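# A closer look at the structure
Spelled out, the chains give:
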Amino acid sequence: MTALQKISTDIWTMKYQLKDARGEPVDATVEETWDRVARTLADVEGDRAPYWARQFREALDDFRFLPAGRIVSGAGTGRNVTLFNCFVMGTIPDSLAGIFDMLKEAALTMQHGGGIGYDFSTIRPQGTLVAGVCADASGPLTFMDVWDAMCRTIMSAGTRRGAMMGVMRDHHPDILSFIDAKKDRTRLRMFNLSVLVSDALIEAVDADEDWPLHFNDTVHETIRARDLWNAIMEATYEYAEPGVIFIDRVNQLNNLSWLENIAATNPCGEQPLPPYGACLLGSLNLSRFVENPFSDTARLDIESMTACVATAVRMMDNVIDASHFPLEQQRAEARNKRRLGLGITGLGDALIMCGIRYGSEEAVRTVDHWLSRFTNEAYRTSALLAKEKGAFPLYDEDFYLEAPMVEALDREVFSLILAHGIRNSHLTSIAPTGTISLYANNTSGGIEPVFGYTFKRKVLQNDGSHVEEEIQDYAYMLFREKFGAGTELPDYFVTAEELRPDEHVAMQAAAQKWIDSSISKTINLPEDISFDDFKDVYRLAYD
């Protein structure tokens, strides 16, 4: 294993190293942290726990498999914390008592370490008469301010930054105020914001039609569809928010489209979830499976990768049974569907190590091939787990086998699901993996290209201060170790800012084909990009 950079050991010390009540280390090394996690998740296996502890430990070695931060920091600690990173919360009732009941649930979930997502479209618009009290409703944004204050308060009690996603439907009468909310740089700072964009809105934009803003079947105002779309684009162009979620596509392509309706996502968007849905994440580090890097024979060891996928699926499935849950509804949702979000990180580094330029046609073909094998192995393993332990409780063959992702699987894998059912309703998701990728010796994050070969980063300390550290990208560090500091970088070394927007989108599209949930993706755009060119990126993503 290549020596760890200081940033990696710092993150381990601050976030993942187990310490006792006095702050004294219990895990003396990163390896002991891996031992703790492997042993805890293997305990679910009963008599075979020692065997699976060894298998899980091998998968964790050299940061090959990276469970999400809640798992690494919480498993085996004896603390009453959740091992799930994020949740979508329950549907907010349109009543004062119901709204504050939801606020309480949010606070309890954050206290246990989970981030949250909410659809605020269910709250009546500003100015609507509240029957019985002869007053006008204040609207969803004022209640979002209450959530924002709660999140800041809960965050102050721990070391993890509070995280929330707030969404609103494209037809809500307060949608324009929602779009403009972050123009006030002091407002809703604990939220990521996204508009739930329907196919109907896109069709209305294309046809240049009017667009009714309505709540509970009452139309409050009619505007031009293109004006609404441009308002979203202009706010995002100026302030990087709100994002957009193509919500009809989410529900059409959902493996459980017959069983649930999705209206929100976790804070970074890689997990669209139903009410009380739980987001369980882990990532295979592709950079650790490259053989003979920077040579003519460089290749991703597919066999080793798929073997690690199989171990990771079982390991994550065990997390569902090992975890605490802030709310009973979250426990029921997780155990009835056993949803997993196994993804990848280190893609940008792995492509560089194989001599492939991120964003090129070869890279698109390569991602399609790698993730086809990745996803087929995940589903194959889950079908075999169903044979061993049983399918997820709400599995229904008549509906599940018609899901688009399931139909796209290899025939052998499809046949296994037909024979045994499947243990997990969903299996794949690609998270941003920002912190765990830094922890893994600054491997490129998630599906992203390399951000920079060497750069300085301010690192938050436990006392609230920041320390600036110089960091090297993992693939760049290996290249310099092999060829020396003076060697010119080959043309397949490319950073995020050197890529065209359409190259970013092409890579996400190639990966999304094999992802049954979603992908968190950042597109770095030149500072001087025109508004029209910027707007085209969103339409390209939709298409």
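This is a predicted model, so every value here is computed, not measured.

Calculation notes
Residues numbered from 1 in each chain as written. Predicted model: local features only at pLDDT ≥ 70, side-chain atom pairs only at ≥ 80, totals over all residues. Heavy atoms only, no water. Helix = DSSP H or I, 4+ residues; strand = E, 2+ residues; numbered from the N terminus. Contact = heavy atoms within 4.5 Å. Axes fitted to C-alpha atoms, helices over the stretch in contact; angles between N-to-C directions. Parallel < 35°, antiparallel > 145°, perpendicular 65-115°, else oblique. Pairing = 2+ DSSP bridges. Polar contact = N/O pair within 3.5 Å; in protein donor to acceptor, adjacent residues only side chain to side chain. Buried < 20%, exposed > 50% of the residue type's maximum accessible area, 1.4 Å probe, protein only.

### Remarks on the environment of A386
Position of A386 relative to the elements: it lies in helix α14 (residues 361-389). Taking the C-alpha atoms as reference points, A386 and T13, separated by 373 residues in sequence, lie 38 Å from one another. Contacts of A386, omitting those with residues within four sequence positions, involve A391, H420, G421, I422 and R423.

### Considering the packing of helix α9 (residues 225-239) against helix α21 (residues 531-542)
Where α9 contacts α21, the axes come no closer than 10 Å and their chain directions differ by 110°. Taken together, α9 and α21 sit at an angle that is classed as roughly perpendicular. Packed against α9, whose contacting residues are W229, N230, M233, E234, T236 and Y237, the element α21 presents F531, F534, K535 and Y538 at the interface.

### Looking at the sheet that holds strand β17 (residues 341-345)
Strand order in the open sheet formed by 3 strands is β1-β14-β17, and the pairing between neighbours is mixed. Two strands close off the open sheet at either side, each with one partner strand: β1 (65-67) and β17. Strand after strand, the sheet turns through a mean of 25° between neighbouring axes, direction not considered. Contacts from helix α11 (residues 302-322) reach β1, β14 (281-285) and β17, with the element oriented near 165° to β14.

### Considering the side chain of T428
Within the element layout of this structure, T428 appears in the loop between α17 (411-420) and α18 (434-439). A polar contact of 3.4 Å, which involves the side chain of T428, links it to the backbone oxygen of W514. Polar contacts involving the side chain of T428 include one to the main-chain amide nitrogen of D516, which spans 2.8 Å. Filtering out sequence-adjacent residues up to four positions away, T428 remains in contact with L340, G341, L342, F374, T375, W514, I515, D516 and S517.

### Focus: the pairing of β17
Burial analysis of β17 places 5 of its 5 residues in the buried class, the great majority of the element. Inspection of the sheet shows β14 paired to β17 by 5 bridges, in the parallel sense. Bridge pairing in β17 links L281 to G341.

Fair warning: the whole summary comes from geometry, so function is off the table for now.
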